[in-house]
Amino acid sequence: MVDAKETAIPAAEAHPAGSHSDVADSTHHAARPEGRIYRGVNFAGKEFWYASPKIQLLMVALVCFLCPGMYNALQGLGGGGQLDPTVQDHASTALYSVFAVVAFFSGSFANKLGIRVTLGVGGIGYSLYSASLLCYTHTQNVGFVIFAGAFLGLCAGLLWTAQGAIMMSYPPEQSKGRYISWFWIIFNLGAVVGSLIPLGQNVSNNSGTVTDGTYVGFIVLMVVGAVLTLFLVDADKVIRDDGSKIILMKNPTWQSEFIGLWECISLSPWVVALFPMFFASNIFYTYQQNGLNLAGFNIRTRSLNNLLYWLAQIFGAVIFGYALDFPKLRRSMRAKISFGILFALTFIIWGGGYAWQRNQPPRSVSSEPSYEPNKTDWTDPAFIGPMFLYIFYGFYDSVWQTCIYWYMGALSNSGRRTANMAGFYKAFQSAGAAIFWRLDGLHVEYNTLFASTWGVCAGALLVAAPVIFLKIHDTTEIEEDLKFSDETVEDVVAPAALDEKHAHV
């Protein structure tokens, strides 16, 4: 066990000259170019400008609040708000299958087309998916729902890759945990607000599907989110507080970006050890939403559970996001501690889940329409235990996602490399989700889904451990990140900070 005195370090030792943190900690106030997007506005004693990491992260978070946030609220009802989850299972399988393929290459698309265009295209598919479920309620058109799911997979692959690149490369190195938590708060507020829609619509509805008004509300909000992407700025225009810029390719071509995709793995082959953790990062939704929430509760109680689940995600993101930036511990030590806590939570929370799941009726019983009156209502005394279990599942999800993003951000500050990393993350995440939604579509027993989910999560952590313990260092050298770009130090570091650095050499 490392003594606490060894991990509390002075700033000079923690951020050696030439590191990103060294540049970020410089005390000068950088001059910004002319133009409205760089015009500062003082608020609460701090200066903000439109083309700053904070404002651009806020914009992306609002897009995700309105698009995937609302999608999460809809999915969280179990079965996409339908009584029979089969059509949602088929659509989700199509969605995540396409998502996995598109996301693997979407880092190249983001680096070539730019973050704003990639995010804009990515926002289109969400409203169509909600519309397809509304259509299905009245026409039973399964094909339209499956098509909408596949199209959403294409769009989501682009949107989440662009979002990941922004969240991991825009913030200064010492603030990435806080930026991740800010994003996760706003993003999950979308699911929270979205959960209030079906809860209000269905507060007196003890059975059946959600109302048409629920779907219409989701559609309108998702359209607004897609339009909001048009107001972002491109990554090459973003300037941090210290005057530094995002590391990109100055002259990207399709050839250079697909080569860069390969280089991201070939130059850092150990990154593949994170792939199982990527794979596991969305598989738990299948069991939690359908095996627990849909199978165990009536529609209005599922709506309440959904709200509590996403609220728990906000608390998890705040606690872990800020803890991961705790300045009195080395970054490498924070990585190790967070990993240990995540491993412990995997057995504590899922162990509690096992105690509940082993007493549930088989799927063949709980999925019958005649079983609906037997499902738990929030007025039942038996509701309290599984309610808290579902809350802890939401907390666990946000901890897993926050840690993964922070680990990837700790490995690189390059916009180009993090775009590729985000693409790999979403590709394997979607592949895992596609497989587990397909298992659900094949009506695999919920006990089997539970055990598979728990086992994959635990195994993924064991495989990822060497990367977390050996490859995350206290800072990342700028020169290391520039290996993945055609830019130089002079292109990305503010002149005043560069002069300050040279003065210390």
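Quick caveat, the model's predicted, so the values are computed rather than measured. (Residues numbered from 1 in each chain as written. Predicted model: local features only at pLDDT ≥ 70, side-chain atom pairs only at ≥ 80, totals over all residues. Heavy atoms only, no water.)

## Description of the packing of aromatic side chains
- Counting across every chain of the model gives 37 aromatic pairs.
- Each ring, one from W160 and one from F183, has its centre 6.3 Å from the other, and the planes form 85°; the classification is edge-to-face. In this pair, W160 sits in helix α9 (residues 142–169) while F183 sits in helix α10 (residues 176–201), placing the two residues 23 residues apart along the sequence. Assigned by exposure class, W160 and F183 land together as buried.
- The ring of W160 has K426 sitting right over it, with the charged end atom 4.1 Å from the ring centre. (Phe/Tyr/Trp six-rings, centres within 6.5 Å; stacked < 30°, edge-to-face > 60°. Helix = DSSP H or I, 4+ residues; strand = E, 2+ residues; numbered from the N terminus. Buried < 20%, exposed > 50% of the residue type's maximum accessible area, 1.4 Å probe, protein only. Lys NZ or Arg CZ within 6 Å of the ring centre and 35° of its normal.)

## Let's talk about the side chain of R363
- Here R363 lies in helix α17 (residues 363–366).
- Apart from the residues within four sequence positions on either side, R363 is in contact with D89, D440, H443, V444, E445, Y446 and L449. (Contact = heavy atoms within 4.5 Å.)

## As for the environment of F279
- Looking at the element boundaries, F279 is found in helix α13 (residues 275–280).
- Among the residues examined, F279 registers a relative accessible area of 21% and is labelled partly exposed.
- Separated by 181 residues in the primary sequence, F279 and A460 have C-alpha atoms spaced 8.2 Å apart.
- Each residue touching F279, except ones within four places of it in the same chain, is listed here: F428, Q429, A431, G432, I435, F436 and V456.

## Description of a nonpolar patch on the surface
- A surface patch of nonpolar side chains, about 660 Å² in accessible area, is lined by V101, F105, L113, V117, V121, I124, W254 and F258.
- Secondary-structure elements contributing two or more residues to the nonpolar patch are α6 (86–113), α7 (115–122) and α12 (254–266).
- Of all the elements, α6 adds the most residues to the nonpolar patch, at 3 residues.
- Along the chain, the position of I124 falls in the loop between α7 and α8 (125–139). (Patch = residues over 30% accessible without salt bridge, like charges linked within 9 Å, V, L, I, M, F, W, Y side chains within 5 Å. Areas by Shrake-Rupley, 256 points an atom, 1.4 Å probe, with all protein chains shown as cover. Salt bridge = Lys/Arg side-chain N within 4 Å of Asp/Glu carboxyl O.)

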